[in-house]
Structure formats: C-alpha cells, structure tokens
Amino acid sequence: MKKILVIHGPNLNLLGEREPGVYGTDTFDSINGEIMELALEKGLSCEIFQSNHEGEIIDKLHMARKEFDGVILNAGAYTHYSYAIRDAIAAIKIPVIEVHLSNIHARDEFRHTSVIAPVCVGQIAGFGKHSYFLAVEAMKRIVGE
Ligand code: DQA
C-alpha cells in the first residue's frame, strides 16, 4: 500500500473558526476525517501532520523522503516566502503537491507568489476543502497502486 503524508502549515489548525468567509466553516478535524476516508477509499495509507513552525515542517519533509511515497502540502503563509521549505521540497525526491483552500491568485498581492510552486508537481487552489480531496486523487494517479 502506498503511503501519503498530508502536511498542514501555520494557522490551519484553526480551520472552522479562522476567517470562515475565506476558509469555510468545516473544522480542521472534520476535514482531516474526510481526507483520511478518501485516502482509504483510494487504497492509500495516509498520515496527517500540522505545525505552526517552519523548522518542524522541514524536518517532516526530510523524514517523509524515507517513509512516504508522496506529500500533499498546504504551507499556509510560508508558501509565499519560505525559501527554506522550497529547498527542502527540492531536496527530496518524492512528489509534493501544493494545496490551498482559497484561490491565492485572487487575494492580496503578496499571496499571488508561491515560492514553492516551481519545486512542486502542481498546485491546487481555490476549491475549499475539496482542494485537499483533489490532491489525494492526483496523488493516487502519481504514486499508483
Ligand atoms: C492558504 C493561503 C495562504 O495565503 C494563507 O496564508 C493560509 C492558507 C490557503 O489554504 O488558502 O494560511 O494556504
């Protein structure tokens, strides 16, 4: 069974109560439950990790290169300026899919740039919690059986 890792970056633990007009009212736990359910349905083993700390996200990406077949990453605001997370993604050989609940290209100017996009397989943004589900579907196609 292929193993995927979902990483949620800073402030995503507050989903459900954080700016519901932008990110929706589904809670962090309920979205994770749906991700786990879909992954299982697709025959993927799935672990979910959240951190508000850049270094912890980097450590997890390093660890993932030996233990997982692919990573789905919502790096939150780090997306827009963390060269360290970008370098960590570039350093590992497993595919990383970038995810955002909101359409970052339709929001504040500073969110239009993703410094991680060039080293990710692709970016899925703007579909709310469904961005994660689409990423699970995409990852299934990439990692296979
Ligand atoms: C986000 C978009 C980022 O700009 C923001 O900083 C987040 C969430 C999203 O999922 O839409 O924390 O990554």
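Higher on the page you've got the structure.
Residues numbered from 1 in each chain as written. Predicted model: local features only at pLDDT ≥ 70, side-chain atom pairs only at ≥ 80, totals over all residues. Heavy atoms only, no water.

Undergrad: Just to check I follow, could you spell out the environment of Glu17 for this structure?
TA: Relative to the helices and strands, Glu17 resides in the loop between β1 (3–8) and α1 (20–23). In this structure the C-alpha to C-alpha distance between Glu17 and Phe28, which are eleven residues apart in sequence, comes to 9.2 Å. (Helix = DSSP H or I, 4+ residues; strand = E, 2+ residues; numbered from the N terminus.)

Undergrad: Teacher, can you tell me more about the site of the ligand here?
TA: Within the structure, the ligand sits among Arg18, Tyr23, Asn74, Gly76, Ala77, His80, His100, Leu101, Ser102, Ile104, Arg107 and Arg111. Between the ligand and the protein, one listed contact pairs an oxygen atom with a side-chain N or O atom of Ser102 at 2.6 Å. For the ligand, an oxygen atom lies 2.9 Å from a polar atom in the side chain of Arg111. Its free accessible area being 320 Å², the ligand has 99% of it covered by the protein chains. (Near = heavy atom within 4 Å. Polar contact = N/O pair within 3.5 Å; in protein donor to acceptor, adjacent residues only side chain to side chain. Areas by Shrake-Rupley, 256 points an atom, 1.4 Å probe, with all protein chains shown as cover.)

Undergrad: Is there a simple way to explain helix α2 (residues 28–41) in this structure?
TA: Each full turn of the α-helix corresponds to 3.6 residues, which orients residues three or four apart in the same direction. Given a rise of 1.5 Å per residue, 14 residues ought to cover 20 Å, and the 20 Å separating the end C-alpha atoms of α2 matches this to within 8%. Those residues of α2 that are buried lie in contact with β1, β2 (45–50) and α5 (130–143). Two residues or fewer past α2, Gly43 is found with a positive phi of approximately 75°. (Expected span 1.5 Å × (residues − 1). Contact = heavy atoms within 4.5 Å.)

Undergrad: Got a minute to help me understand the side chain of Ser114 in this structure?
TA: Relative to the elements of secondary structure, Ser114 occurs in the loop between β4 (96–100) and β5 (122–125). Ser114 sits in the buried class, given a relative accessible area of 12%. At 2.9 Å, the side chain of Ser114 and the side chain of Glu98 are in polar contact. From its side chain, Ser114 meets the backbone nitrogen of Ala117 in a polar contact 3.0 Å long. Each residue touching Ser114, except ones within four places of it in the same chain, is listed here: Thr79, Glu98 and Gln123. (Buried < 20%, exposed > 50% of the residue type's maximum accessible area, 1.4 Å probe, protein only.)

Undergrad: Is there a simple way to explain the pattern of salt bridges in this structure?
TA: Between side chains of opposite charge, a pair can form as their charged atoms come close. Tallying each qualifying case throughout the model produces five salt bridges. With its nearest N and O atoms 2.8 Å apart, the salt bridge here joins Glu34 to Lys129. Placement of the pair is Glu34 in helix α2 and Lys129 in the loop between β5 and α5, with a sequence separation of 95 residues. Taken together, the salt bridges that share partners define one network made up of Asp26, Glu34 and Lys129. (Salt bridge = Lys/Arg side-chain N within 4 Å of Asp/Glu carboxyl O.)

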